[in-house]
Every structure is written in C-alpha cells, then in structure tokens.
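This is what each chain is made of:
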Amino acid sequence: MAVNFRCAVQALVLLGCVIILSNVLCPVGANLYNNRYAGDQVFRITPSNKEEVQVLKKLLGNIKVDLWQPNSASLIRHNATVDVHVRRNDTRGLRTRLQKEHIDFKVFISNLQREIEKQTGHRSSRKRRSESQYDYEVYHSLEEIQSWMFEMNRTHPHLVDMFSIGRSYEGRPLYILQLGKRTRSYKKAVWIDCGVHAREWIGPAFCQWFVKEALHSYQYDSVMRRLMNQLNFYIMPVFNVDGYHFSWTTDRFWRKTRSKNAKYHCRGVDANRNWKVKWCEEGASSQPCDDTYCGPFPESEPEVKAVAKFLRKHKKRVKAYISIHAYAQMLLYPYSYKYATIPNFNCVESAAHNAVTALYSAYGVRYRYGPASTTLYVSSGSSMDWAYRNGIPYAFAFELRDTGYFGFLLPEALINPTCTETMRAVKTISSGLLKKCETGMHQLDRERYPYL
C-alpha cells in the first residue's frame, strides 16, 4: 500500500512538472542539465609572479577544466585573476596543490549546480504568449526569442523589418531585425550582434531589451526618435544559434559553434576567432578541442560567413559595429590582434569615454575602456577587428556585467539594470554618429589606402 501511495505521489509530481513546463522551467528538484554540475566549483586564482604562473598552467593542464577568464591558459598573467570552473572530482586536489604552492585563491562558487538552478530554476511564470506579456527580465530559449522576433515584426510594420541572412551549421535560420523609420533610401546604419559565445546569456537578453526600448520609447523619447528616424539598426539577437540552443539543452557553459570536425571528436569553433583578420595568430588556438579554436580556415563557420557577407554588402552605410559579450565590465575597441593605436583613435576613444560615462550615470557601475589588446588581452580573428579593417570606423565589443562573482550566471534580477545602463551607452555611441568627428573615416581610409 505504501509503495502504491509513493508511486502515486511521484506520478503526481511528474505530471505537475509536465504541466508547469508549458510556462516555466521545472523547479530545482527537476535537476537541470541532469545534475551534471553538482559539486563543481569556480575558483578565482591570482598568481603573484611568473613562477606561480608556470606552476598554475601546469596544474590546470593536468586536469580538465573550463577556463572562464581568461579563456585560454596561454593568457594567464601574474597579478591577474584566473576564473576557472573545476569538476567536482578535481576540486579537492586542486585546492591542496594551490595551498602547497602558496598560490592565492578563493572559491567563488562552491556548488555550480545550485547557482545554475538559482539563475534559471525559480520562475513563477514565463510570459511569452504576446508582446504585452513578454517578460524581458528573464532569459529566453532560442525558440522563444525567434517567436518574439516574428511578433515584433508583425506588430511594428512601420519600424521593423525581419529577414534571414543564411543558415547555421545545423540548419537554423539566422534572423536579423532591422529597426528604423522607413524614410529615404540611404541611411547610416548600426550593427549590433549578441550571443556570439553561447554561454553569455546576458547578450541576447540585451538585444531584446534594445529592441523593446527602441520601439516603446519612439513616441516619447526625442533622442530615440531621432536615432530611429536618421539611422537603421541591424539587430542580431542570437549570432551563434546552434551553440545557444545547446547551452539551454545540454551544456550551460558551451562557448563555440556546433560544427563537426572530420578528424576530431570535438565540435565547434570560436566564432570570435574565425574572422579573416590575422586569422589564427596570437590569442587563438589551432587545436579543435580548445575553446578558442580558430576553425579550419577563415569564415569556415556559416554563421560568420553570413554576417561577413552581409556587412561587406552594406559596408558603405554601416558606420558602427557593436558586439555584446560577457563578462568583465569593459568597452573595447580595436585593435585586438596587435598593440597599436588605430588611425581614428581620438574619435573612437571619445565615443568610448562618452559611452561609459553614460553607462555609469544609471547605477554607478564602472567600466574600463580602451584597445582590446591592452585592456583585455591579444586575440586574432575577432569580429571587431574585422569590421574595423573592412571600413566600419566605429567598432566596439562590450563585456557586460559582472566582474566574476556570478560570471556567466548573471541572475535574472540583474537583467534590468545591466540592460538599462548598456542601453545608455549604445544610444550615446549611436548619437555620436550623427555628429561629425574630424579624425574619423579619412584617417581610416589612409590606413587602408596609403596612397590616398
């Protein structure tokens, strides 16, 4: 009798979970990702000298770890923090070795599974049926985001145009929303992409937020109305559609695309190392199993190839390229691949300064800004450098909140403030395009065409 009663209770719980699933992710007890991260931890390690850097590289090379910051062991430097996701079977051994070597560390996240479930497991409702109900303060699956895009296109025909620029490796459409009042045929344009790296969920959340704010504030915000009247915005909410889907269904910390490699069992390419600008040099890996794998050749990934083709076609009108990433609280501009000053440095530096000042004005959150190579680290084959070298004078990459406490698991409660402050920065950059800057495109032309 007791067994039958227990079975009945289990059946009811299962039924409840099935019913809830139509509106909400199953609660904590449902074991998101099959409980694969239970007991995993995130360490923050700070080597204080070059010897400790070498010891740390060796330690991390002996166990399978997931580097969060920096994203490659080759980029570990002394007096710079290293955030690393360590599997439960390796946590005790790593802690013992770090203590033995007197390398400074602390455990940032003591149980990764619990943090994941905190981020995505406690939701009373998932509003997604129509635009008026859509909840911009939760993370959304790829299917929900694409349905929302169709809804934006349907309900705002005078300001929105939706189209596909191609298909992903797994055959998913690569959708773009074009925002802007349909006036004259030629308008300057701003490109914004989100979700290049699958696990950076705050990116797609921002792209949706930007669209919502642009459309909802068009009537009463004179700045937004001017931007929409005089500019077009090309918004790609999820660049890496296959990887983003995989990060929802299978591996929360997946970074790369999902393409297959003929010689290796490892899948995927870093979509921000696959561009045709100093491809596969410093800061990128030629090893297919690495998170920064550059791919078999430039633009090998259909997602990268499709965006590059679109930007080449529209490069005369696209004046700003903005790519949204996480995490570090930085606003970066070229170059990524070398330590050098860009020709139109004064204009870009001024735009970045004004953007982070506007961002700070919302909640007092401080962003570092500067050339990516010196502010973050050297990396080759990035979309930002490619955009700049292909004639887009203002190319930026945002690294949104936070600085490591939550890392890639930024809570849904922080979506609103993160997107609100970033919105101010992006509006500031966009507004700058409507003014003249005397050291703008002419200097970029001289770099690309030195005989001018």
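Counting starts from 1 at the beginning of each chain's written sequence and moves along it residue by residue. Totals for whole chains, interfaces and linings use all residues, but because this is a predicted model, local features are given only for residues with pLDDT of at least 70 and pairs of side-chain atoms are given and counted only at 80 or more. Heavy atoms throughout the structure, all of them, feed into the side-chain values; hydrogens and water do not.

Undergrad: Mind showing me how you'd approach the overall build of the protein here?
TA: A count of helical and extended segments in the protein gives 14 helices and twelve strands. Only protein chains enter the accessibility calculation, which uses a 1.4 Å probe; a residue whose area is less than 20% of its type maximum is buried, one above 50% is exposed, and one in between is partly exposed. Each of the 452 residues in the protein was classed as buried or not, and the buried ones make up 56%. Residue contacts are defined here by distance: any two heavy atoms, one from each residue, within 4.5 Å place the two residues in contact. Restricting to contacts in the protein with at least 6 residues of sequence separation, those with at least 24 account for 76%. For the protein, the computed accessible surface area is about 20,100 Å², with 51% contributed by carbon and sulfur atoms. Secondary structure elements follow DSSP: runs of H or I no shorter than four residues count as helices, runs of E no shorter than two count as strands, and numbering proceeds from the N terminus. All accessible areas in this document rest on Shrake-Rupley with a 1.4 Å probe, and a residue is counted as covered only by the protein chains that are shown.

Undergrad: Can you walk me through unusual backbone geometry in this structure?
TA: In terms of backbone geometry, most residues other than glycine have negative phi values and most peptide bonds are trans. Backbone torsion omega between Pro334 and Tyr335 reads 5 degrees, so that peptide bond is classified as cis. Inspection of the secondary structure assignment puts Tyr335 in the loop between strand E10 (330–333) and helix H10 (345–363). Positive phi is not limited to glycine here, since Tyr33 has a value of about 55 degrees. With respect to the secondary-structure elements, Tyr33 resides in the loop between helix H1 (2–21) and strand E1 (41–46). Look at Asn35: it is not a glycine, yet its phi comes out positive at around 65 degrees. With respect to the helices and strands, the residue Asn35 is situated in the loop between H1 and E1. Given a relative accessible area of 30%, Asn35 falls into the partly exposed group.

Undergrad: So what exactly am I meant to see when it comes to the side chain of Arg199 here?
TA: By the secondary structure assignment, Arg199 is in the loop between strand E7 (188–194) and helix H6 (202–216). Looking at Arg199, the relative accessible area reads 0%, which means it is buried. The definition of a polar contact used here is a pair of N or O atoms within 3.5 Å, where within protein one atom must be able to donate a hydrogen and the other to accept one, and adjacent residues in sequence count solely through side-chain atom pairs. Separated by 3.0 Å, the side chains of Arg199 and Asp66 make a polar contact. With sequence-adjacent residues up to four places away left out, Arg199 is seen in contact with Asp66, Leu67, Trp68, Arg252, Phe253, Trp254, Arg255, Asp291 and Phe408.

Undergrad: What should I look at first to understand the environment of Glu421 in this one?
TA: Locating Glu421 in the fold gives a position in helix H13 (residues 415–432). Classification of Glu421 as buried rests on a relative accessible area of 0%. Residues Glu421 and Ser361, 60 residues apart in the sequence, show an inter-C-alpha distance of 7.7 Å. The residues contacting Glu421, other than those within four sequence positions of it, are Leu359, Ala362, Tyr363, Val365, Tyr367 and Arg401.

Undergrad: Would you explain the packing of H6 against H13 in this entry?
TA: Two numbers describe a pair of packed helices, the interaxial angle and the distance between the axes. Note on definitions: angles span 0 to 180 degrees between N-to-C directions of axes, and those axes are lines fitted to C-alpha atoms, for helices only across the stretch in contact. Contact geometry for H6 and H13: axes closest at 9 Å, N-to-C directions at 65 degrees. You can see that H6 and H13 cross each other, and the crossing is right-handed. Mapping the contact onto sequence places Ile202, Ala205, Phe206, Trp209, Phe210, Glu213 and Ala214 in H6 and Ile415, Asn416, Thr418, Cys419, Thr420, Thr422, Met423 and Val426 in H13. The residue makeup of the contact of H6 with H13, split by class, is ten nonpolar, four polar and one charged. Note on convention: near helix rotated counterclockwise from far helix by under a right angle means a left-handed crossing. Clockwise means right-handed. When residues are sorted by character, Ala, Val, Leu, Ile, Met, Phe, Trp, Tyr, Cys and Pro go into the nonpolar class, Asp, Glu, Lys and Arg into the charged class, and all the rest, Gly among them, into the polar class.

Undergrad: For this particular structure, what's the right way to read the sheet that holds strand E12 (residues 394–400)?
TA: Backbone-to-backbone hydrogen bonds pair the strands of a sheet. The strands run either parallel or antiparallel. Taken together, the eight strands give an open sheet; going across it, the order is E5-E6-E8-E7-E9-E12-E10-E11, and neighbouring strands pair in mixed fashion. In this open sheet, the two strands that pair with only one neighbour each are strand E5 (160–167) and strand E11 (368–371). Strand-to-strand twist across the sheet, computed as the mean angle between neighbouring axes with direction ignored, equals 20 degrees. Pairing between strand E9 (residues 318–326) and E12: seven bridges, direction parallel. Bridged to Tyr321 within E12 is Ala395. Contacts between H6 and the sheet are confined to E5, strand E6 (173–179), E7, strand E8 (231–236), E9 and E12, with E7 contributing the most and set at about 140 degrees to the helix. Each of E10, E11 and E12 is contacted by H10, which is oriented at about 165 degrees to E10, the strand it contacts most. Two strands make a pair as long as DSSP finds a minimum of two bridges between them.

Undergrad: Looking at this structure, I do not really get the sheet that holds strand E3 (residues 82–86). What am I missing?
TA: Spatial strand order, E2-E3-E1-E4: four strands in an open sheet with antiparallel pairing. Unpaired on one side and paired on the other, strand E2 (65–69) and strand E4 (104–109) mark the two borders of the sheet. Strand after strand, the sheet turns through a mean of 30 degrees between neighbouring axes, direction not considered. Sheet topology note: the E1/E4 ladder contains five bridges and is antiparallel. Considered in E4, the bridge of Val42 is made with Ile109.

Undergrad: Explain the side chain of Gln69 here, please?
TA: Along the chain, Gln69 turns up in strand E2. Judged by its relative accessible area of 15%, Gln69 falls in the buried class. Engagement of the side chain of Gln69 in a polar contact is seen with the backbone oxygen of Tyr327, the distance being 2.5 Å. With near-sequence residues (within four places) excluded, Gln69 lies in contact with Thr81, Val82, Asp83, Tyr327, Ala328 and Tyr377.

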